[in-house]
Amino acid sequence: MSGRWGLAVPVVMVAALSTLSCGGSTPASSKGPVTIDVTPISSVADEAVRIAVRGLRPGAKARVDLRSVDYHHVIWSSSALFRVGPDGELDLNRDAPVAGSYSGEWGMGLLTSMRPSKASEAAYFWGPAETFTLAVRLDGRRVASATFLRRFSPNPIRLQRLRLNQVGFIGEYWLPTVSGKRPAILIIGGSNGGEAAGLLGAFLAARGYPSVDVAYFGEPGLPTTLESIPLEYFVKALGWLRAQPHVGQKQVIVLGISRGSEAAFLLAVHYPALVNGVIGSVPDSVALCSYPGCSGPAWTLDGRALPYSHELGDVRPTDDPAAIIPIERVRGPVFLACAGDDQVSPSCLYANAIMKRLDSHQDRYRHVLYRSPNAGHLIGTLFPYEPLASGHNSIDERARETLWPHLMTFLAHIN
């Protein structure tokens, strides 16, 4: 991913854009000039756009195609076929396609369901700014087209690679070019261990939050698996992040995804002066055993194993009750997001246990839980509208579309 953005190089954003509609002779399936409206015509990657087509004949079948080219010059595209309603218009927020690359009423379906025409050099679509081209076809003929722009960030952001031999940990630091001190976020991914949050740090930086995505195993110089990971390793990352000139000293949040949520909560419990709040995405309320193999502790402190359980899915483990994380010792707000159809871990069971424990201790800090009843574990990355070369589950994508504004509201109240 770093090769796409450059190393500690400002990301330059494009500001200008033109819109056009075109057509030739009016086909039988239209009732006049066909036009496409995209609102807003220039948007940011985590913002929704509204696409509407007008001038169609009621009952006609219209195909809407979307095309863009990624940072490596690979073409991405999607397409959907619609039956035009009695008003002669298509509103993608209102109308569901009868066939195509997505299903259901979903205004962002065409953007999120884009797929590459060939193997791309990166799993992610985004570069700094991308131009998208819409085309409407009736009876196989293109009758209208329009272009619109989506920028990754409203302001330039910088990426800095953090190396083990330089700072004591491995990570990616995403820095927004905003004035003043800002809340900052340390991101700890799940059981794949590397810089596993994808573009989450970049999305957070785009909204003004300096973010470090830290790798903690599976990289050169680090443990090979999630076993006996010292909390002190993350403390180095916290100390480095807190020392950055753009970071507010009492505004550092740890965001843990899946197994990473255990580390996030344990850091807040054992180092309360360094952690000012926790975001647990598809979280655990219990410190579990190593992965893979479940043969030992996942986490250590002062060279000793922290309590852990082998009993996945049991919020009151009997093999070691001390493995339950004392969430009430977190000195700051807590944000939780769980998936009701989580096939990897019972995240809502754990999240409910966290909320119950905080409530029972009359926790004075704000703590919120957002449940996505039908979504799966992949809501954990949180950011919306990102086409992936490997494909997506549309239920998870729609859940992230809802979750992201809640997360932004939560962060806006960090002080």
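Here, the structure is the one placed above.
What you see is a predicted model, and the numbers here were worked out from it, not measured in a lab. (Residues numbered from 1 in each chain as written. Predicted model: local features only at pLDDT ≥ 70, side-chain atom pairs only at ≥ 80, totals over all residues. Heavy atoms only, no water.)

1. Structural notes on the overall build of the protein
- Looking only at helices and strands, the protein features eight helices and 21 strands.
- Out of the 415 residues belonging to the protein, those deemed buried represent 54%.
- The long-range share in the protein, meaning contacts at least 24 apart out of those at least 6 apart in sequence, stands at 69%.
- For the protein, the exposed surface amounts to about 16500 Å²; the carbon and sulfur share of it is 52%. (Helix = DSSP H or I, 4+ residues; strand = E, 2+ residues; numbered from the N terminus. Buried < 20%, exposed > 50% of the residue type's maximum accessible area, 1.4 Å probe, protein only. Contact = heavy atoms within 4.5 Å. Areas by Shrake-Rupley, 256 points an atom, 1.4 Å probe, with all protein chains shown as cover.)

2. Some remarks on the pairing of strand β4 (residues 61-69)
- Here β4 pairs with strand β5 (residues 75-83) via nine bridges, running antiparallel. Note that in β5 the partner of Ala 62 across the bridge is Phe 82.
- Joining the antiparallel neighbours β4 and β5 is a turn of five residues, in which His 73 adopts a positive phi near 65 degrees.
- In this structure, β4 lies alongside strand β9 (residues 129-138), joined through seven bridges in antiparallel fashion. (Pairing = 2+ DSSP bridges.)

3. Concerning the environment of Tyr 291
- Here Tyr 291 lies in the loop between β17 (278-281) and β18 (299-301).
- As for Tyr 291 and Thr 225, which are separated by 66 residues in sequence, their C-alpha atoms are 6.6 Å apart.
- Discounting residues that sit within four places of it in the chain, Tyr 291 has contacts with Ser 191, Thr 225, Leu 226 and Arg 259.

4. With respect to helix α8 (residues 394-412)
- Between its first and last C-alpha atoms α8 spans 28 Å; for 19 residues at 1.5 Å apiece the expected length is 27 Å, and the two agree.
- Along its length, α8 shows its largest kink, about 25 degrees, at Leu 403, and proline Pro 405 lies within four residues downstream of that point.
- Among the residues of α8, those classed as buried are Asp 396, Glu 397, Ala 399, Arg 400, Leu 403, Trp 404, Leu 407, Met 408, Phe 410 and Leu 411. (Expected span 1.5 Å × (residues − 1). Bend = angle between axes of the 7 residues up to and from the residue.)

5. Considering the nonpolar core
- Formed by 71 residues in total, the largest nonpolar core has its most connected members in Leu 204 and Leu 411.
- Excluding residues that lie within four positions of it along the chain, Leu 411 makes contacts with Ile 185, Leu 204, Tyr 209 and Ile 279.
- Listed in part, the 52 residues of the second largest apolar core include Leu 175, Leu 186, Leu 238 and Ile 354. (Core = buried A, V, L, I, M, F, W, Y, C linked by side-chain atoms within 4.5 Å.)

6. Section: the environment of Ser 309
- In this structure, Ser 309 sits in the loop between β19 (304-305) and β20 (334-339).
- For Ser 309, a relative accessible area of 0% translates into the label buried.
- Reaching out from Ser 309, the side chain makes a polar contact with the side chain of Asp 319 at a distance of 2.9 Å. (Polar contact = N/O pair within 3.5 Å; in protein donor to acceptor, adjacent residues only side chain to side chain.)

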